[in-house]
Amino acid sequence: MYELNDTQLELKATDFINDYKNSSSAEISKIIAGMTSIIQENETAYEQMRKQKWFERIWYGITGKNKATVKEMQANRDLLTKYIVCILVKMQETITEHNYCIQDLYYSISIVCNTLDNLSVTVDNLAHKLNEKITSVDNYNLLITQIQNNEINSDTPLISLLDALSMLDYRIANDNIKMTSLKKTMEKEGFDFFKEIDILTYSNELFSLSDEKVGRISLFSQRHMENNRFLMYTNYLINEYCYLGETDKRIVRENGEAVNTALNNSRLNKNAVFVLNEVYNDLIKEIQEDIPILKTHNTNITTLEKVPDTRQIPVSSEVVIANTRPKEKFDDIFMRILTQRGLYKKHGVHRKEDSKWSVEMEYQGWKIEMCDRRRGKTNKFRLVDPYGKKCIRGSDKPASSCNVQQVKKAFEDAIYEFENQ
């Protein structure tokens, strides 16, 4: 076994990222999910992931050998975990090239924070950076469009439901209006929420899952499976099937090996039946109660170590890092979000006042006004404060237009951040 210091691990992690940074988003997503399952020290995951090419690259980096046995992985768990987390940290630096994977990495780090106890590993400001990036991912409108376009369809209802809900975060799940609209859209497109689906039928649904969705659904299942047999079974079946080559996939489908192993590991039998509405309600509750990784119970996010609490606070209270800073003004929050998302550029300001402006949204006297709207786009928008002062004006680019929904989403997120400081 090599003796590696932190600097050497970081250099090796950078080499790993360079080797895989040009891979498809689907492949990167599967790698993130696989690395996360290893951190959770699951023997089934060890057995499957040790055969993957990307894991051989990881193992070579810390041992000088390509192949690993499960016993070797268990014996070197701390170093293996430290190196994988180092890779995840480096990965967020290039995640802008793979926006598809932002939420995958978010789930991964959330699982890491919940899994590790006294192992000291550096993640720098990863949690903070991911929370900034996750607010810029507007999956809700994309999800509705995919359902309406039959890209998420009722022919495979359970895996489609899981596909849909794994795109949501706790903010959307706690928005009753959006969740009601989501369910109505699904029902309109043929989803029968009272339908019963046996476990073998569901297994065949999962066997048809496209590669680009494997990583996200695997991470979602890992994140929430502790008290959910459906997700536990999903996670084990993904590990037993989705990381195999095409020949082995056919073999384990035909001989029932993947299903039987997943059933045993999740303590289910072949007579198990799932009801779509029950699964929906359970998963929505899990997402609603999902604690953002900026909020933690007595955990040092920089080192992922548990630290003693010397203050007298109720057991149920949360220590929120953001609350140590002065409260940010609403217009400053909105401007920051606009800037982060490329929706505000100084050179894109329009100063003509002869256009007709309309109020699109309002919050505590603050108003978003737009003009020259057509086909969901606008050339100009501005924020007006409660006293009628036009304090922010802009468009996304000079002589260009921006999506109305993007600006409105930024306004909604600014409201959320302002109220939850």
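In this text, all values refer to a predicted model and were calculated from it rather than measured experimentally.

A. Seen up close, the overall build of the chain. Helix and strand counts for the chain stand at 20 helices and twelve strands. Evaluated residue by residue, the chain yields a buried proportion of 52% over its 421 residues. Looking at the chain alone, contacts between residues at least 24 apart form 72% of all its contacts between residues at least 6 apart. Of the accessible surface of the chain, which amounts to about 20700 Å², a share of 44% is contributed by carbon and sulfur atoms.

B. Focus on the pattern of salt bridges. Taken as a whole, this structure holds 17 salt bridges when the rule is applied. Across the pair K51 and E47 runs a salt bridge whose closest N-O atoms are separated by 3.7 Å. A residue is classified by how much of its surface remains accessible, and K51, at 44% relative accessible area, is partly exposed. Among the ionic pairs, R216 bridges to D163, the shortest N-O distance being 3.0 Å. In this pair, R216 sits in helix α14 (residues 211–224) while D163 sits in helix α10 (residues 157–165), placing the two residues 53 residues apart along the sequence. Owing to a relative accessible area of 9%, R216 belongs among the buried residues under this scheme. Residues joined by salt bridges that share partners form a network here, namely D169, R171, K409 and D413.

C. Just the packing of α10 against α14, in detail. Look at α10 against α14: their axes get within 10 Å of each other, and the N-to-C directions meet at 80°. The orientation of α10 relative to α14 falls into the category roughly perpendicular. Along the contact surface, α10 presents I159, L162, D163 and L165, while α14 presents K213, R216, I217, F220 and S221. Residues that form the contact of α10 with α14 fall into these classes: five nonpolar, one polar and three charged.

D. Region of interest: the pairing of strand β10 (residues 380–384). For β10, a buried count of five out of five residues is recorded, marking the element as mostly surrounded by other parts of the structure. The side-chain alternation of β10 yields two buried faces, one formed by K380, R382 and V384 and the other by F381 and L383. Note that strand β8 (residues 366–371) and β10 share five bridges and pair antiparallel. Paired with E369 across the strands is R382, a residue of β10.

E. Spotlight on the environment of S358. Residue placement: S358 occurs in strand β7 (residues 357–363). As a C-alpha pair, S358 and F381 span 23 residues in sequence and 9.5 Å in three-dimensional space. When neighbours within four sequence positions are excluded, S358 is seen to be in contact with I368, E369 and M370.

F. Geometry of the packing of aromatic side chains. Under the defined criterion, the tally for this structure stands at 13 aromatic pairs. Note on Y202 and F230: the rings are 4.9 Å apart at their centroids and 45° apart in plane angle, and the pair reads as tilted. Of the two residues, Y202 sits in helix α13 (residues 199–207) while F230 sits in helix α15 (residues 229–241), which places them 28 residues apart along the sequence. A single burial state applies to Y202 and to F230, both of which are buried. Ring centres 6.2 Å apart and planes at 80° place the aromatic pair Y202 and F274 in the edge-to-face group. You can see Y202 sitting in helix α13 and its partner F274 sitting in strand β2 (residues 273–275), a full 72 residues away along the chain. In terms of burial, Y202 and F274 fall into one category: buried. We note K178 situated over the ring of Y140; from NZ or CZ to the ring centre the distance is 5.2 Å. Above the ring of F193, the side-chain terminus of K183 is found at 4.9 Å from the ring centroid.

About the cut-offs
Residues numbered from 1 in each chain as written. Predicted model: local features only at pLDDT ≥ 70, side-chain atom pairs only at ≥ 80, totals over all residues. Heavy atoms only, no water. Helix = DSSP H or I, 4+ residues; strand = E, 2+ residues; numbered from the N terminus. Buried < 20%, exposed > 50% of the residue type's maximum accessible area, 1.4 Å probe, protein only. Contact = heavy atoms within 4.5 Å. Areas by Shrake-Rupley, 256 points an atom, 1.4 Å probe, with all protein chains shown as cover. Salt bridge = Lys/Arg side-chain N within 4 Å of Asp/Glu carboxyl O. Axes fitted to C-alpha atoms, helices over the stretch in contact; angles between N-to-C directions. Parallel < 35°, antiparallel > 145°, perpendicular 65-115°, else oblique. Nonpolar A, V, L, I, M, F, W, Y, C, P; charged D, E, K, R; others polar. Pairing = 2+ DSSP bridges. Phe/Tyr/Trp six-rings, centres within 6.5 Å; stacked < 30°, edge-to-face > 60°. Lys NZ or Arg CZ within 6 Å of the ring centre and 35° of its normal.

Treat this as a map of the structure, not an account of what it does.
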